Amino acid sequence: MLPTDAAGAPLSPPISGPPANGAETIVRSSPMPPLSASYLRFDDLRMHCAHPHWQLDPNVNVFFNSSLSEHGAEQFRTLRSRLYQLRGTQTLRTLLVTSSVPGEGKTFVTSNLAQAIVRQPERRVLMIDADLRCSRLHVPLGAPTNPGLTDYLRGVADEMAVIQHGQEGNLCFIPGGNEVTNPSELLSNGRLKTLLDRVTPVFDWVILDSPPCLPVADASVLADLVDGILMIVRAASTPAETAQRACQELRGRNLIGVVLNAVEEAVGYGSYYYAGYGYGYGRQSEKSSQK
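Residues numbered from 1 in each chain as written. Predicted model: local features only at pLDDT ≥ 70, side-chain atom pairs only at ≥ 80, totals over all residues. Heavy atoms only, no water.

**Details of the overall build of the protein chain**
Short version of the rule: Helix and strand definitions follow DSSP, with helices as H or I runs of at least four residues and strands as E runs of at least two, each counted in order from the N terminus. Between buried and exposed lies partly exposed: a residue is buried under 20% and exposed over 50% of the maximum accessible area for its type, with that area taken using a 1.4 Å probe on protein chains only. We get accessible surface area from the Shrake-Rupley algorithm with a probe of 1.4 Å; when it comes to residues, only the shown protein chains can shield them.
For the protein chain, the helix and strand inventory stands at 11 helices and 7 strands. Out of the 291 residues belonging to the protein chain, those deemed buried represent 49%. Just so you have it, the protein chain exposes about 13,100 Å², and 50% of that area is on carbon and sulfur atoms.

Here it is as structure tokens:
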């Protein structure tokens, strides 16, 4: 049984760096203090991880631009509430955000959903850019791209070196890292599962931004490592048959819902138009999940 902190929350096993890989330079964090030698606390992680200066882009962060419509921020609050409702009926702590094809807004949704959660008191979120073919999650944060996930998976950086905390609050981030030629193999080598097992107890949510389902197999690999999956569909852009094929690719995994992106407000439709983005949500129906 894992020990607990003063509030009764479980503590994570210790974080240690993976072994060196050939002659490459190993990026390691500062040593953990003796107090946390056995188990990791969030305050220890925040103290010893990387602390770059983030420059958030207000054009894609709905909570940091007062000139934008409030509808976008409210839709993310609604999505946040729905996720907590689902958590009441199932284990839901690690979440994969994916889409059928590129350009549907999954990175935008990942970033703003994380911001919506950490705006609640004492909520802690770790975002992971697991799209190793086209890492973009650092852009809305204005964060460095490396060292990141590829460097950890290759064994040339430890967990504390790749986890960033760059703003006030409880949001942390692992960028994609240096470019690699074998992303599928890295995601399948077992190190990502080890990373998730170690950091998940420290955070309320761990949200992974994934490659699209249909062009490559990476999303299917990642889907086996998480508790739930959100599918992003772009309105008036993604053909229905394409979205259905993506759902079929994830058959047998816990597809918990769909976020409809870029929906213009229309009479009687009930979605919202927000600076070019709108959000809807819908639980995957039993009928569609069996197609």
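**What to know about the packing of aromatic side chains**
Selection rule: For Phe, Tyr and Trp, where Trp contributes only its six-membered ring, two rings pair if their centres lie within 6.5 Å, and the inter-plane angle classes them as stacked under 30 degrees, edge-to-face over 60, or tilted in between.
Counted according to the given criterion, the structure contains 4 aromatic pairs. Centre to centre, the rings of F42 and F203 are 5.6 Å apart; their planes meet at 85°, and the pair counts as edge-to-face. Note that F42 is positioned in helix α1 (residues 42–48) and F203 in the loop between α8 (191–199) and β4 (205–209), a separation of 161 residues in sequence. Pair check on accessibility: F42 and F203 agree, each one buried. Ring centres 5.5 Å apart and planes at 90° place the aromatic pair Y84 and W205 in the edge-to-face group. Remark: W205 occurs in strand β4 and Y84 occurs in helix α2 (residues 70–87); sequence separation between them is 121 residues.

**Brief notes about the side chain of T150**
So the rule is basically this: In protein, a polar contact means a hydrogen-donor-capable atom and an acceptor-capable atom, both N or O and within 3.5 Å, with residues adjacent in sequence counting only if both atoms are side-chain atoms; elsewhere, any N or O pair within 3.5 Å suffices. When checking whether two residues touch, look at their non-hydrogen atoms; a contact exists if any pair is within 4.5 Å.
Turning to its location among the elements, T150 is positioned in helix α5 (residues 149–153). Of note is the side chain of T150, whose polar atom sits 2.7 Å from the backbone oxygen of N178. In contact with T150, other than residues within four places in its own chain, are L132, G176, G177, N178, V180 and L186.

**Focus on the environment of P52**
Turning to its location among the elements, P52 is positioned in the loop between α1 and α2. Using a relative accessible area of 18% as the deciding quantity, one classes P52 as buried. Along the sequence, P52 and G142 sit 90 residues apart, while their C-alpha atoms lie 9.8 Å from each other. Each residue touching P52, except ones within four places of it in the same chain, is listed here: P144, Q164, H165 and G166.

**Some points on the nonpolar core**
Put simply, the rule reads: We call a set of buried residues a nonpolar core when its members are Ala, Val, Leu, Ile, Met, Phe, Trp, Tyr or Cys and they connect through side-chain atoms within 4.5 Å of each other.
Counting residues in hydrophobic clusters, the biggest one holds 44 residues, and the most contacted among them are L45, L126, L149, I163, F203 and L208. At 4 residues, α8 tops the list of elements feeding residues into this core. Leaving out residues up to four positions away in the same chain, L208 has contacts with L95, L96, V97, I128, A130, L196, L222 and V226. Counting residues in hydrophobic clusters, the runner-up holds 32 residues, among them L83, L141, L171 and V259.

**Some points on the confidence of the model for the protein chain**
To be explicit about the condition: Per-residue confidence from the predictor is given as pLDDT, running between 0 and 100.
Per-residue pLDDT for the protein chain has a mean of 81; in total, 76% of the residues score no lower than 70. For the stretch residues 1–23, pLDDT sits under 50, and the model shows 53 contacts to residues farther than four places along the chain or on other chains. In the model, residues 32–38 has pLDDT below 50 throughout and makes 11 contacts with residues more than four positions away in sequence or in other chains.

**Concerning helix α10 (residues 240–249)**
Test applied: Throughout, the arc means that of the directions going from the helix axis to the C-beta atoms.
Residues of α10 that are buried include every one of T242, A243, A246 and C247, and no others. Along the axis of α10, the buried positions cluster into a sector of 140°, meaning they face one direction only. Summarising the contacts, the buried residues of α10 are in contact with β5 (228–234) and β6 (255–261).

**Some points on the pairing of β5**
Consecutive side chains along a regular strand alternate between the two faces of the sheet. Stated precisely, the cut-off is as follows: A pair of strands is considered paired only if DSSP assigns at least 2 bridges between the two. The handedness of a crossover follows from its direction of travel: if, with the strands pointing away from the viewer, the path from the first strand over the helix to the second runs clockwise, the crossover is right-handed.
The buried fraction of β5 amounts to 6 of the 7 residues, a majority that puts the element mostly inside the structure. In this sheet, β6 lies alongside β5 in parallel orientation, the contact comprising 6 bridges. Directly across from M231, in β6, lies its bridge partner V258. Crossover handedness for the path β5 to α10 to β6: right-handed.

**Quick look at the pattern of salt bridges**
To keep things clear, this is the line we draw: In the sections that follow, a salt bridge refers to a side-chain nitrogen of Lys or Arg positioned within 4 Å of a carboxyl oxygen of Asp or Glu.
Inspection of the entire model under this criterion finds 10 salt bridges. Its salt-bridge partner being R133, residue D218 comes within 2.8 Å of it at the nearest N-O pair. Within this pair, whereas D218 is found in helix α9 (residues 218–223), its partner R133 is found in the loop between β2 (125–129) and α4 (138–141), the two being separated by 85 residues in sequence. For D218, a relative accessible area of 0% translates into the label buried. Note on R133: relative accessible area 44%, which makes it partly exposed. Via salt bridges that share partners, K106, D131 and D209 belong to a single interconnected network.

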